[in-house]
There are 2 protein chains.
Amino acid sequence: MRIAIAQTNPVIGDFEYNLNRIKYYADKALSASCDLVVFPELAVSGYPPRDLLEKKDFIEKNLESLSILINEIKGIGVVCGFVDKNPDDEGKRLFNSAVLFENGKILQKVNKRLLPTYDVFDESRYFEAGAECKSCYYRGEKIGITICEDAWNDEYILKKRIYHMDPVDLLAHDGAKIIVNISASPYHIGKKEFRSEMFGAIARKYKADFIFANQVGGNDSILFDGTSAAFDRQGRIRALAKDFEEDILFYDNEENSGILSEENIHYVSASDTESVLKALIMGTRDYVTKCGFSKVVLGLSGGIDSALTAFVAAKALGPENVLTVFMPSVYTSKENYIDTQKLAENIGTRFEIIPIDGIFGEFARFLPPSHKQSEPGITEQNLQARIRGTILMALSNREGRILLSTGNKSELAVGYCTLYGDMNGGLAVISDIPKTFVYELALFINREKEIIPGNIIKKVPSAELKPNQTDQDDLPPYDLLDSILKGYIEELKGEDELISEGFDPEIVKDVISRVDRNEYKRHQAAPGLKVTTKAFGYGRRYPLAQRYNRKNRI
Amino acid sequence: MRIAIAQTNPVIGDFEYNLNRIKYYADKALSASCDLVVFPELAVSGYPPRDLLEKKDFIEKNLESLSILINEIKGIGVVCGFVDKNPDDEGKRLFNSAVLFENGKILQKVNKRLLPTYDVFDESRYFEAGAECKSCYYRGEKIGITICEDAWNDEYILKKRIYHMDPVDLLAHDGAKIIVNISASPYHIGKKEFRSEMFGAIARKYKADFIFANQVGGNDSILFDGTSAAFDRQGRIRALAKDFEEDILFYDNEENSGILSEENIHYVSASDTESVLKALIMGTRDYVTKCGFSKVVLGLSGGIDSALTAFVAAKALGPENVLTVFMPSVYTSKENYIDTQKLAENIGTRFEIIPIDGIFGEFARFLPPSHKQSEPGITEQNLQARIRGTILMALSNREGRILLSTGNKSELAVGYCTLYGDMNGGLAVISDIPKTFVYELALFINREKEIIPGNIIKKVPSAELKPNQTDQDDLPPYDLLDSILKGYIEELKGEDELISEGFDPEIVKDVISRVDRNEYKRHQAAPGLKVTTKAFGYGRRYPLAQRYNRKNRI
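A. Spatial organisation of the overall build of chain A. What chain A contains, in helices and strands, is 17 helices and 19 strands. Computed over the C-alpha atoms, the radius of gyration of chain A is 26 Å, within 12% of the 24 Å expected from 2.2 N^0.38 for a compact globule of 554 residues. Taken along its principal axes, the extent of the C-alpha atoms in chain A is 85 × 50 × 50 Å. Residues classed as buried in chain A amount to 66% of the 554 residues present. Across chain A, contacts joining residues at least 24 apart in sequence account for 73% of those joining residues at least 6 apart.

See the structure below:
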């Protein structure tokens, strides 16, 4: 059987657009003489639709859209994800479903059995779990259809099984020789490798082809990498789609020669650094354009975070759509004038300079007496950041540009940032990138020629909100900080566990206290692009008014 | 059997504090010769702990706390909620549990069977569902223990049953004659009445006492009203606890005389207006104090929203802890000087005046050319709001005060508010109060004497960001707007459904478009106190980059 795998980049709720993408790739698959074309999970509506699922008319439009596909696509079988209604009186109203149809007839309908409800996933909020695991015949082959998480409960591969059923195992025992998995499986560093290993092992174990059709594109914080793939019955990868863009693959399970055909293996990133950079560029482009915008604005400080963000924005939207603004104060160093200007030249963005001292002086008239201090306190430092944030929002309003915020994950974690100041923005491009990884990305960008001026990479990080300030006056060194943060945030280690690993107890306590204390800032942060296993935002939900870890510490 | 019901106000994660509250009320119950004292759901940790549940050390500290209670409380049976570990390899790691213990021994442990996962609830994210429904003997009576949602699946009362099991029915059939329900059941308008009706009907149906022990207090956005109660075997309410404060009730199921004893029926609000006002006051007090603060600051505009917020703050924290700030511009009317000053006098708060025109002028120097317009455009209007927001944050930083934002639900719904401007704040006190209800609350506050100056209630609402501006220049009349918003947001009605109810199609389309377009603002809003069935924030989760309803509309 000749199978096409089409990884589409849907826009959530834009049924017309999504249908057109599906029809476009179905045509391509038909032209390539395929028997079957497979689309991602919820391809009709886009994933995740979240509470749009609670709107009755949204569900109806999704069903009407599916009907159009069933009536219009002829000559090829199609597997495609959509939202179905639960006909039973009891249970949740909806199913996360897949359908196999051909020439106007539905051959099988399947409801997702395993509903991820952790991290960024909320599927039990909306869906009733499917109970049935039956395979079906299609053009002489027995096919078992699974939806994303359905394939993520293998007893040998997963250390901890959170579900009580393994749909793949049941389908294989029901005779399926082709396991189809339609997914919206989000990207994080290392996930592609794990998926390949797991799907290959499943294919080998059950001596079945494994067809993985994954959504691609950014939907708010969640980035889908694509990298759809086909595995043969020995578990070898036989076809692989690009990462971070739409693509179509062809796989013929009768031509199992054991030799990889180069044309079926499309280029995917060769390193985590490359894949993260592509993820950020795709995520920025998709957020801005799916929100209906084309242009952005951001502040350049002379530091590496805003430089990286500006580079990503220019790649995502074209430099002509990026306005970069330098807003010096009395504390701004001369070198930052030079470095920012050079950066803007290198990446080709428009560059404006707006000094803030006059505005600061006007505010200060009404905020005695702490101004009489010899140097700016927290109030005055935040005030500078808020003046800059306000200027950027004025430019955003005036020119219809989305403001990009430029803070990294390390800063956001410990609250080394100003709410309503440098945190302002519609999208926080690098808020899931630890500071140490920001440097790796900058070096990667400069691998062939200097794009981010070397001095920006070399200089000691500083917020420049008071004289001779550096980040390390207030924070532990970034390599140490990032190690503790990874343990605390991504690996959910407690204070005792981190200390037992050899970290300095005082530093561990201080870092944990800062992370916990600053939950309120992150609660109001712009959505950020998720690239690690645990990002701030939607997938990390902490109470604000709480006293765990916090007592006797502030 | 003599049963005490203690509704505690826990602080999330403050095990020491929560234990002390439990021991305090257990002592009271013992002194009153009770056989049993019942505490709310997750009384040990506070509800909802959210992702704190993912920390191993949090779970351990919760179990250690429970052990302390079991070892220390003697002479009385205790039912109490805590988090248990799931000993099985398979399934989610935790249970939402209840324990009945007496004199150091656990008599029964029960795991919550029905896990709410909708609106503000995320229980399937953390917990494995309990499967067992067995009652147990205690001092000669057969008791069936349920946890909150466990009692919310009655086939006759609920139109749509989302679960496949009715624990109360199973327990009653297992012989339970006292149904205990430990809850953390959040407040919204009308819920108390529904609960009473439902619990009474359950008691009557199964000829069992029904003991409802509900958490009280505010935890971030979610407000718990308490109003714990006991229903006799005829379904009559025999004991009722106060709303919005800690309380203890005593109920003797052998004294079923059918006559209500006045001392067991504590005062609860007589109207929705009264209960909402109490809810806001409790929610503000708890948010501020549980965050470790005592003082707040807010801006007064001369309008009714900030007046109501200031009143609530003064009631919640004492007027001496509330700083009110008036920030006039060239567009500010003379009457607002007078009205705000009078309001601050009436409620007894400190009052400061900080004019913004000088600061605005400095910003304007760098933001040509749209200033040459005859009147301020959106950019300039937002700029004024952001200058005020920045001043308030400087006062917040300087004096360690939480900033309260003052926007109402109608504004927030249609985006008639400025992100990083008047939306600034740690808590959005009235962001779930529609404008029409703001007026009702103001009239209620003034029911005995004028506290909110009459002119503030009478004047035409205006943002005063350009000459002769009124809200109604940009928005439909508030009574119409609020009706459409209620249909769209709380009742999830679609455009067609609203139009078919007789609303003007153009207005419906415009309102829906505004609500959808402004999701990004609400994404960055401060937490607000939930009093309706559907509040913005945690319980309402929409994608930002989406095009449903939005196409061809902007």
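B. Seen up close, the relation of the copies chain B and chain A. For the pair chain B and chain A, the best superposition has an RMSD of 0.0 Å and corresponds to a rotation of 180° with a translation of 0.0 Å parallel to the axis. What the superposition gives is, in effect, a two-fold axis relating one chain to the other. For chain B, the smallest separation between a C-alpha atom and the rotation axis is recorded for Gln524 of chain B, amounting to 2.1 Å. Looking at the interface residues of chain B, 100% of them are also at the interface in chain A, so both copies use one shared face.

C. Inspection of the interface of chain B and chain A at higher detail. Contact with chain B, which involves 94 residues of that partner, is made by 94 residues of chain A. Both faces considered, chain B and chain A share a buried interface measuring about 8,500 Å² in area, 54% of it formed by carbon and sulfur atoms. Between Arg541 of chain A and Asp122 of chain B there is a salt bridge, with its nearest N and O atoms 3.0 Å apart. Across the chain B-chain A interface, the total number found is 49 residue pairs in polar contact (both at pLDDT 80 or more). Secondary-structure elements contributing two or more residues to the side of chain B that touches chain A are helix H1 (15–31), helix H2 (56–72), helix H5 (272–290), helix H8 (357–365), helix H9 (378–399) and helix H15 (495–500) of chain B. Ranked by the residues each element gives to the side of chain B that touches chain A, the list is headed by H9 of chain B, at 13 residues. Taken together, the residues of the side of chain B that touches chain A break down into 41 nonpolar, 20 polar and 33 charged.

D. Molecular detail of the pattern of salt bridges. The tally for this structure, following the rule as stated, stands at 91 salt bridges over all chains. Among the ionic pairs, Lys493 of chain A bridges to Glu491 of chain A, the shortest N-O distance being 2.9 Å. Between Glu399 of chain B and Arg398 of chain B there is a salt bridge, and its shortest N-O distance comes to 3.3 Å. Here the residues in one salt-bridge network are Arg350, Glu352, Arg398, Glu399 and Arg401 of chain A, joined through shared partners.

E. Layout of helix H8 (residues 357–365) of chain A. All of the buried residues along H8 of chain A are Ile359, Phe360, Glu362, Phe363 and Ala364 of chain A. Check the buried side of H8 of chain A and you find it contacts helix H9 (378–399) of chain A together with H8 and H9 of chain B.

F. Here's a closer look at helix H7 (residues 334–347) of chain B. Residue and element names in this part refer to chain B. Given a rise of 1.5 Å per residue, 14 residues ought to cover 20 Å, and the 21 Å separating the end C-alpha atoms of H7 matches this to within 8%. Residues Asn336, Asp339, Thr340, Leu343, Ala344 and Ile347 constitute the buried set of H7. Down the axis of H7, the smallest arc covering the buried residues is 130°, so these residues share one side. Residues of H7 that are exposed and angled more than 90 degrees away from the buried face: Lys334, Ile338 and Glu345. Buried positions along H7 lie against strand E15 (296–300), helix H6 (304–317), strand E16 (322–326), strand E17 (350–353) and helix H12 (454–458). Following H7 by one or two positions, Gly348 adopts a phi angle in the positive range, close to 85°.

G. Inspection of the environment of Thr390 of chain B at higher detail. Mapping Thr390 of chain B onto the fold places it in helix H9. On the accessibility criterion, Thr390 of chain B (2% relative accessible area) is buried. Residues Thr390 of chain B and Lys109 of chain B, spaced 281 residues apart in sequence, show a C-alpha to C-alpha distance of 52 Å. When sequence neighbours within four positions are dropped, the list of residues in contact with Thr390 of chain B reads Phe363, Leu383, Arg386 and Thr390 of chain A together with Asn424 of chain B.

H. Summary view of the pairing of E16 of chain B. Residues and elements named next belong to chain B. Taken across its five residues, E16 has five buried, putting it largely inside the fold. Neither face of E16 is open: one carries Val322, Thr324 and Phe326, the other Leu323 and Val325, and all of them are buried. As judged from the five bridges shared by E15 and E16, these two strands associate in the parallel manner. Following the sheet pairing, Leu300 is matched in E16 by Phe326. Each parallel crossover has a hand, and for E15 linked through H6 to E16 it is right-handed. Both E16 and E17 contribute to a ladder of four bridges, which runs parallel. Each residue of the ladder has a partner; that of Leu323, found in E17, is Arg350. In this view, the connection linking E16 to its parallel neighbour E17 by way of H7 has right-handed handedness.

I. Molecular detail of the packing of aromatic side chains. For the coordinates displayed, the defined rule picks out 33 aromatic pairs over all chains. Taken together, a centroid distance of 5.2 Å and an interplanar angle of 75° make the contact between Tyr187 of chain A and Phe244 of chain A edge-to-face. Taken together, the residues span a long stretch of sequence, with Tyr187 of chain A in the loop between strand E8 (178–183) and helix H4 (191–206) and Phe244 of chain A in the loop between strand E13 (237–240) and strand E14 (247–252) at a distance of 57 residues. For Phe244 of chain A, a relative accessible area of 8% puts it in the buried group. Ring centres of Phe363 of chain A and Phe363 of chain B lie 6.3 Å apart, and the angle between their planes is 90°; on these two criteria the pair is classed as edge-to-face. With Phe363 of chain A in helix H8 and Phe363 of chain B in helix H8, this pair bridges two chains. When sorted by exposure, Phe363 of chain A lands in the same class as Phe363 of chain B, which is buried.

J. Seen up close, the side chain of Ser97 of chain A. All names here are of chain A. Relative to the helices and strands, Ser97 is located in strand E4 (residues 94–102). Reaching out from Ser97, the side chain makes a polar contact with the side chain of Asn111 at a distance of 2.8 Å. With near-sequence residues (within four places) excluded, Ser97 lies in contact with Cys80, Gly81, Phe82, Asp84, Lys109, Val110, Asn111 and Ile147.

K. Main features of the sheet that holds strand E16 (residues 322–326) of chain A. All names here are of chain A. Taking strand neighbours across the sheet as the criterion, the five strands line up as E17-E16-E15-E18-E19 in an open arrangement whose pairing is parallel. The strands lining the two open edges of the sheet, one partner per strand, are strand E17 (350–353) and strand E19 (427–428). Note: strand E15 (residues 296–300) against strand E18 (residues 402–405), two bridges, orientation parallel. Paired with Val297 across the strands is Leu403, a residue of E18. Contacts from H9 reach E15, E16, E17 and E18, with the element oriented near 160° to E15.

L. Spatial organisation of the nonpolar core. Within the largest apolar cluster, 84 residues are counted, with the highest numbers of intra-cluster contacts made by Phe363, Ile387 and Ile391 of chain A together with Phe363, Ile387 and Ile391 of chain B. Once you skip the residues sitting within four places of it in the chain, Phe363 of chain A turns out to touch Leu383 and Ile387 of chain A together with Ile359, Phe363, Ile387, Thr390 and Ile391 of chain B.

M. Molecular detail of the packing of H8 of chain A against H8 of chain B. At a closest axis distance of 9 Å, the pairing of H8 of chain A and H8 of chain B adopts a crossing angle of 175°. On the basis of the axis angle, H8 of chain A is roughly antiparallel to H8 of chain B. Where H8 of chain A approaches H8 of chain B, its residues Gly358, Ile359, Glu362 and Phe363 of chain A are matched on the opposing element by Gly358, Ile359, Glu362 and Phe363 of chain B. Looking at the contact of H8 of chain A with H8 of chain B residue by residue, the class counts come to four nonpolar, two polar and two charged.

N. Structural view of the pairing of E13 of chain A. In this sheet, E13 of chain A lies alongside strand E12 (residues 229–231) of chain A in antiparallel orientation, the contact comprising three bridges. Looking at E13 of chain A, one finds that Ala230 of chain A is bridged to Ala239 of chain A.

O. Molecular detail of the packing of H5 of chain B against helix H11 (residues 435–445) of chain B. Residues and elements named next belong to chain B. One can describe the packing of H5 onto H11 by two numbers: an axis separation of 10 Å at closest approach and a directional angle of 90°. Here H5 lies roughly perpendicular to H11, going by the angle between them. Facing Asp272, Thr273, Glu274, Val276, Leu277 and Leu280 of H5, the residues of H11 in contact are Phe437, Glu440, Leu441, Phe444 and Ile445. Along the lines of polarity and charge, the residues of the contact of H5 with H11 split into seven nonpolar, one polar and three charged.

P. Fine view of a nonpolar patch on the surface. A surface patch of nonpolar side chains, about 260 Å² in accessible area, is lined by Tyr337, Ile338 and Ile353 of chain A. Checked against the element boundaries, Ile353 of chain A lands in strand E17.

Q. Expanded view of the environment of Tyr24 of chain A. Residue and element names in this part refer to chain A. Locating Tyr24 in the fold gives a position in helix H1 (residues 15–31). Residue classification places Tyr24 among the partly exposed positions, given a relative accessible area of 39%. Sequence separation between Tyr24 and Ala6 is 18 residues; the distance between their C-alpha atoms is 9.8 Å.

What counts, and where the lines are drawn
- Residues numbered from 1 in each chain as written.
- Chains lettered and ligands numbered in written order.
- Predicted model: local features only at pLDDT ≥ 70, side-chain atom pairs only at ≥ 80, totals over all residues.
- Heavy atoms only, no water.
- Helix = DSSP H or I, 4+ residues; strand = E, 2+ residues; numbered from the N terminus.
- Rg over C-alpha atoms; globule rule 2.2 N^0.38 Å.
- Buried < 20%, exposed > 50% of the residue type's maximum accessible area, 1.4 Å probe, protein only.
- Contact = heavy atoms within 4.5 Å.
- Least-squares fit on C-alpha atoms with pLDDT ≥ 70 in both.
- Buried area = accessible area lost by both parts, 1.4 Å probe.
- Salt bridge = Lys/Arg side-chain N within 4 Å of Asp/Glu carboxyl O.
- Polar contact = N/O pair within 3.5 Å; in protein donor to acceptor, adjacent residues only side chain to side chain.
- Nonpolar A, V, L, I, M, F, W, Y, C, P; charged D, E, K, R; others polar.
- Expected span 1.5 Å × (residues − 1).
- Arc of directions from axis to C-beta.
- Pairing = 2+ DSSP bridges.
- Right-handed = clockwise from strand over helix to strand, strands pointing away.
- Phe/Tyr/Trp six-rings, centres within 6.5 Å; stacked < 30°, edge-to-face > 60°.
- Axes fitted to C-alpha atoms, helices over the stretch in contact; angles between N-to-C directions.
- Core = buried A, V, L, I, M, F, W, Y, C linked by side-chain atoms within 4.5 Å.
- Parallel < 35°, antiparallel > 145°, perpendicular 65-115°, else oblique.
- Patch = residues over 30% accessible without salt bridge, like charges linked within 9 Å, V, L, I, M, F, W, Y side chains within 5 Å.
- Areas by Shrake-Rupley, 256 points an atom, 1.4 Å probe, with all protein chains shown as cover.

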